[in-house]
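# Geometric and topological summary
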Amino acid sequence: GEDVEQSLFLSVREGDSSVINCTYTDSSSTYLYWYKQEPGAGLQLLTYIFSNMDMKQDQRLTVLLNKKDKHLSLRIADTQTGDSAIYFCAETYTGGFKTIFGAGTRLFVKA
Amino acid sequence: KAGVTQTPRYLIKTRGQQVTLSCSPISGHRSVSWYQQTPGQGLQFLFEYFSETQRNKGNFPGRFSGRQFSNSRSEMNVSTLELGDSALYLCASYPDQANYGYTFGSGTRLTVV
């Protein structure tokens, strides 16, 4: 089936690391993504990972994929107030022509 | 290069009316997907177009329709508007398949009163 689950809220202090978690149910998914949405805006692609990878790092962002547990996480190092936003986990199936999104995790960064 | 452009940004309509939303994808992108975003339901897939053909459709009533033109621009139409259609409608474009992720527009905020 198609389902992507995320916790709804996360609050961290500025300078700390944030870890946002996601679980997905369809093992046939091929690409997994993290998007960021700021108020009044569309979604911005942060990073993606192919399902045969375990980890991907891009500057302050680290994505970890545990395919056995169908668990995806996004770690933001040195979290800043500008990182406050909603973060969406998403998955796409090869040839499926559709991307499924989680409900989003609202990240609050306290100064 | 220019991003994904959605027009209008904001729209207020009355129940029973119809509405047409427009999306211009990034130049060179031939695929467009539409999503409805609401606080209660999150992002729900509406439909996906590639080269003027609908490749996939979500679970929305027939009041929701769309099309894509030869220049890859897309429109979606909602007829007989209901209060529950109030939402942010997001369009995303990509070259062919969405393997490397979408580029989203800023959305059209539709309010039905």
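Located above this text is the structure these notes cover.
In this report, we go over the structure that sits alongside the text. Model, not experiment: these values are computed from the prediction.

Bringing the overall build of chain A into the picture now. Assigned secondary structure in chain A consists of zero helices and 11 strands. Relative to a compact globule of 111 residues, whose C-alpha radius of gyration would be 13 Å, chain A shows 13 Å and is just as compact. For chain A, the C-alpha atoms occupy an extent of roughly 40 × 30 × 20 Å along the three principal directions. Relative to its full complement of 111 residues, chain A shows a buried share of 46%. Within chain A, contacts between residues separated by at least 24 positions form 56% of all contacts whose residues are at least 6 apart in sequence. Total accessible area on chain A is roughly 5,300 Å²; 49% of this is exposed by carbon and sulfur atoms.

All names here are of chain A. Spatial strand order, S1-S3-S8-S7-S6: five strands in an open sheet with antiparallel pairing. The open sheet is flanked by strand S1 (4-6) and strand S6 (55-58), the only strands paired with a single partner. Ignoring which end each strand starts from, the neighbouring axes of this sheet average 15° apart.

Counting 22 residues, the largest nonpolar core has A:Trp34, A:Leu72, A:Leu74 and A:Tyr87 as the members making the most contacts within it. Of all the elements in the fold, those that place two or more residues in this core are strand S3 (18-24), strand S4 (31-37), strand S5 (43-50), strand S7 (61-66), strand S8 (71-76), strand S9 (85-92) and strand S11 (105-110) of chain A. By size, the runner-up hydrophobic cluster in this structure holds 21 residues, among which are B:Val4, B:Leu11, B:Met76 and B:Leu110.

Moving on to the pairing of S9(A). Residue and element names in this part refer to chain A. With eight of eight residues buried, S9 lies mostly within the body of the structure. Residues of S9 alternate between two faces, with Ala-85, Tyr-87, Cys-89 and Glu-91 on one and Ile-86, Phe-88, Ala-90 and Thr-92 on the opposite face, all of them buried. Pairing between S4 and S9: seven bridges, direction antiparallel. Residue Tyr-35 lies in a different strand from S9, and its bridge partner there is Phe-88. Note: S9 against S11, three bridges, orientation antiparallel. What sits directly across from Tyr-87, in S11, is Thr-105. Judged from the three bridges that link them, S9 and strand S10 (residues 99-101) form a sheet pairing that is antiparallel. By the bridge assignment for S10, Glu-91 is matched with Ile-100.

Of the residues lining the interface, 19 residues belong to chain A; the matching set on chain B comes to 19 residues. The junction of chain A with chain B conceals about 1,700 Å² of combined surface from both sides, 55% of it contributed by carbon and sulfur atoms. Looking at the side of chain A facing chain B, the largest losses of area belong to A:Leu43, A:Phe97 and A:Phe101, adding up to 33% of the total buried there. At the boundary of chain A and chain B, one finds zero salt bridges. For the pair chain A and chain B, the interface holds five residue pairs in polar contact (both at pLDDT 80 or more). Here the side of chain A that touches chain B takes four residues from S4(A), the largest share from any one element. Tallied by class, the residues present in the side of chain A that touches chain B amount to 10 nonpolar, eight polar and one charged.

For the rest of this paragraph, the subject is the sheet that holds strand S3 (residues 19-24) of chain B. Residues and elements named next belong to chain B. Within the open sheet, the four strands sit side by side as S1-S3-S8-S7. Their pairing is antiparallel. Of all strands in the sheet, those with a lone pairing partner are strand S1 (5-7) and strand S7 (64-68), marking the two edges. Direction aside, neighbouring strands of the sheet carry axes that sit 15° apart on average. Of the strand pairs in this sheet, S3 and strand S8 (residues 74-78) are connected by five bridges, and their pairing is antiparallel. Pairing of Cys-23 across the sheet is with Ser-74, part of S8.

Thresholds, definitions, all that
Residues numbered from 1 in each chain as written. Chains lettered and ligands numbered in written order. Predicted model: local features only at pLDDT ≥ 70, side-chain atom pairs only at ≥ 80, totals over all residues. Heavy atoms only, no water. Helix = DSSP H or I, 4+ residues; strand = E, 2+ residues; numbered from the N terminus. Rg over C-alpha atoms; globule rule 2.2 N^0.38 Å. Buried < 20%, exposed > 50% of the residue type's maximum accessible area, 1.4 Å probe, protein only. Contact = heavy atoms within 4.5 Å. Areas by Shrake-Rupley, 256 points an atom, 1.4 Å probe, with all protein chains shown as cover. Pairing = 2+ DSSP bridges. Axes fitted to C-alpha atoms, helices over the stretch in contact; angles between N-to-C directions. Core = buried A, V, L, I, M, F, W, Y, C linked by side-chain atoms within 4.5 Å. Buried area = accessible area lost by both parts, 1.4 Å probe. Salt bridge = Lys/Arg side-chain N within 4 Å of Asp/Glu carboxyl O. Polar contact = N/O pair within 3.5 Å; in protein donor to acceptor, adjacent residues only side chain to side chain. Nonpolar A, V, L, I, M, F, W, Y, C, P; charged D, E, K, R; others polar.

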